[in-house]
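Structural characterization, general
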Amino acid sequence: MATAPSEPRPVFGRLDKAGRLISADPELEALQRQAGSSLGQKLALPQVAAVAQLARKLRIPVARPAIAASVDVDIDLWVRATPEGDDVALSLEGWTERPRAGARLASLLGGTTEADSAASHNEWAADEELRVISLSTELAEHLGVDLAEVGGQPLTRALRLEENEAGEMPLISALAARRAFTGQRARSRTDESRVLILNGEVVTATDGSFAGFRGTAELESAEAPAFGESSSSAAFDHALDEVLRSPLDRIIESAEWIVGRADGPLRSDYASYGNDIAAAARHLLSVVRSMSEDPTRGHRAIDLAALAAEAVVMLESSAEEREVLIEPETIDALPATGQEPAVIQILVNLIGNAVRHSPNGATVHLAFARTAGTASVTVSDQGPGIEPGDQQRIFERFERADANQEGTGLGLAISRRLARSMGGDVTLDSAPGAGARFTLTLPSP
């Protein structure tokens, strides 16, 4: 078996542009040989290789947990991969041996049980932002994804997570609480008849911080309602409620602290900013609370054009910082039916997204329209546009068109859910390189 370092020190190695291990400390070279390879050949430790591949793809240093397998034990590692020209430098830290979880290299030598084989064939690992670190070959084939392409991408690019009977997503709840989970139901995005049950345990970094999940996937038959058919899907689940309410409460508390000048004298304009922050946060909190209530309550006649103007005022400062102009079409009034706080929140989300994705000096246009029975506002930007394959996915919770974009990935999901609760919808028209046009449509009296 590979021997652990005699003292707590990193184990170093280097991969060339083809992923070959061209230099290695003795401990890493021993693992490579036990995996059936050798120095100068492709790195035969899949999870370590996946971290290196991610660093090469992103062209930045990447640190992730990984497991390496020797003949007799599994080895928990913290892998640091740093691109250096065409090579990737590896540093393996926190070398910790434990009994092997399932047959890996031992399966090549015989003595593997059927249960061990099934467990090792359906393994996965993801980092703290649910980006894929590794998938077993069998699991990738079942999902219909390419291992080389899925590495570093959000797990939800390969899987569509589903709520359970309580309206919760165990994986998302576990992510918020930094704990293990079981029973997360999911469907392959390439073939929705392929259903999985995910289980995962927490992985920690060398400093003890949360670093993601690793776990297994159980295959299930698809004798279940398709995504979105569950009666609980319209409910705003408890985990999301907590995710949004807690930071909003803290924002309000901090803003009131500023207004009250609790830390001493403060310029009046800064105190005024605190008032604006607290007011905006209370508005968002009222929207969150409304999402757990009967969505048909409180509908009344509104002026969609006037509410759009309110949303523009709320976003003008952030647009100015990016040198983006928000240009609403001139219109006297546009009658519609809905809930004022919900409509403002939708428009803040849509216009805010447009501002964030627009280049400096661009213009975000707001155009209004009315038909028999409907009123609508279209928010158009001059950003990069959205790929056709992403145009439905971005309306799902915790999804973003660009995995590198900041945010929770909740804005569009909340916007569409609110619009549909009022009898309307949020739709998208976009093409790569041609910007995006999001349209909020509501019933009109």
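The rules behind each value
Residues numbered from 1 in each chain as written. Predicted model: local features only at pLDDT ≥ 70, side-chain atom pairs only at ≥ 80, totals over all residues. Heavy atoms only, no water. Helix = DSSP H or I, 4+ residues; strand = E, 2+ residues; numbered from the N terminus. Buried < 20%, exposed > 50% of the residue type's maximum accessible area, 1.4 Å probe, protein only. Contact = heavy atoms within 4.5 Å. Areas by Shrake-Rupley, 256 points an atom, 1.4 Å probe, with all protein chains shown as cover. pLDDT = per-residue confidence, 0-100. Expected span 1.5 Å × (residues − 1). Phe/Tyr/Trp six-rings, centres within 6.5 Å; stacked < 30°, edge-to-face > 60°. Axes fitted to C-alpha atoms, helices over the stretch in contact; angles between N-to-C directions. Parallel < 35°, antiparallel > 145°, perpendicular 65-115°, else oblique. Left-handed = near helix turned anticlockwise from the far one by under 90°. Nonpolar A, V, L, I, M, F, W, Y, C, P; charged D, E, K, R; others polar. Polar contact = N/O pair within 3.5 Å; in protein donor to acceptor, adjacent residues only side chain to side chain.

Take the overall build of the protein next. Looking only at helices and strands, the protein features 12 helices and 18 strands. Sorting the 445 residues of the protein into buried and exposed places 45% on the buried side. Restricting to contacts in the protein with at least 6 residues of sequence separation, those with at least 24 account for 59%. Roughly 21400 Å² of accessible area belongs to the protein as shown, and the carbon and sulfur atoms make up 51% of that amount.

Confidence in the prediction for the protein averages 75 pLDDT; 69% of positions are at 70 or higher. Low confidence marks residues 222-238, where pLDDT is under 50. Its contacts with residues over four positions away, or in another chain, come to 31 contacts. Long-range and interchain partners of residues 398-409, a stretch whose pLDDT sits below 50, account for 25 contacts in this model, where long-range means more than four residues apart.

Between the first and last C-alpha of helix 2 (residues 46-58) there are 18 Å, a value that for 13 residues agrees with the 18 Å anticipated at 1.5 Å per step. Residues of helix 2 that are buried: Q47, V48, A50, V51, A52, L54 and A55. On the buried face of helix 2, the contacting elements are strand 1 (11-15), strand 3 (62-69), strand 4 (73-84), strand 5 (87-99) and strand 7 (132-135). R59, located one to two residues past helix 2, shows a positive phi value of around 60 degrees.

With that settled, the discussion passes to the packing of aromatic side chains. Taken as a whole and assessed by the stated rule, the structure comprises 3 aromatic pairs. Ring centres of W124 and F181 lie 6.2 Å apart, and the angle between their planes is 40 degrees; this geometry places the pair in the tilted category. One end of the pair, W124, is in strand 6 (residues 123-127); the other, F181, is in strand 9 (residues 181-188), with 57 residues separating them in the sequence. A relative accessible area of 3% means that W124 is categorised as buried. With a centroid separation of 5.4 Å and an interplanar angle of 90 degrees, the aromatic rings of F181 and F213 are classed as edge-to-face.

Moving on, we get to the packing of helix 10 (residues 304-321) against helix 11 (residues 340-356). Describing two packed helices takes the angle between their axes plus the distance from one axis to the other. Two numbers describe how helix 10 lies on helix 11: the axes approach to 9 Å, and their chain directions differ by 45 degrees. The orientation of helix 10 relative to helix 11 falls into the category oblique. Crossing of helix 10 over helix 11 shows right-handed handedness. Contact residues: L304, L307, A308, E310, A311, V312, M314, L315, S318 and A319 in helix 10; E340, V343, I344, L347, V348, I351, G352 and V355 in helix 11. In terms of residue class, the contact of helix 10 with helix 11 is built from 14 nonpolar, 2 polar and 2 charged.

Its identity is not glycine, yet L130 carries a phi of approximately 60 degrees, on the positive side. For L130, the location among the structural elements is in the loop between strand 6 and strand 7. Classification of L130 as buried rests on a relative accessible area of 9%. Even without a glycine there, the phi angle at E323 is positive, about 60 degrees. Counting through the fold element by element, E323 comes out in the loop between helix 10 and strand 13 (325-328).

So, about the side chain of R214. Along the chain, R214 turns up in strand 11 (residues 210-220). A distance of 3.3 Å separates a polar atom in the side chain of R214 from a polar atom in the side chain of D76. Polar contacts involving the side chain of R214 include one to the side chain of E201, which spans 2.8 Å. With residues up to four places along the chain from it excluded, the contact list for R214 reads I67, D76, R98, W124, A125, N199, G200, E201 and V203.

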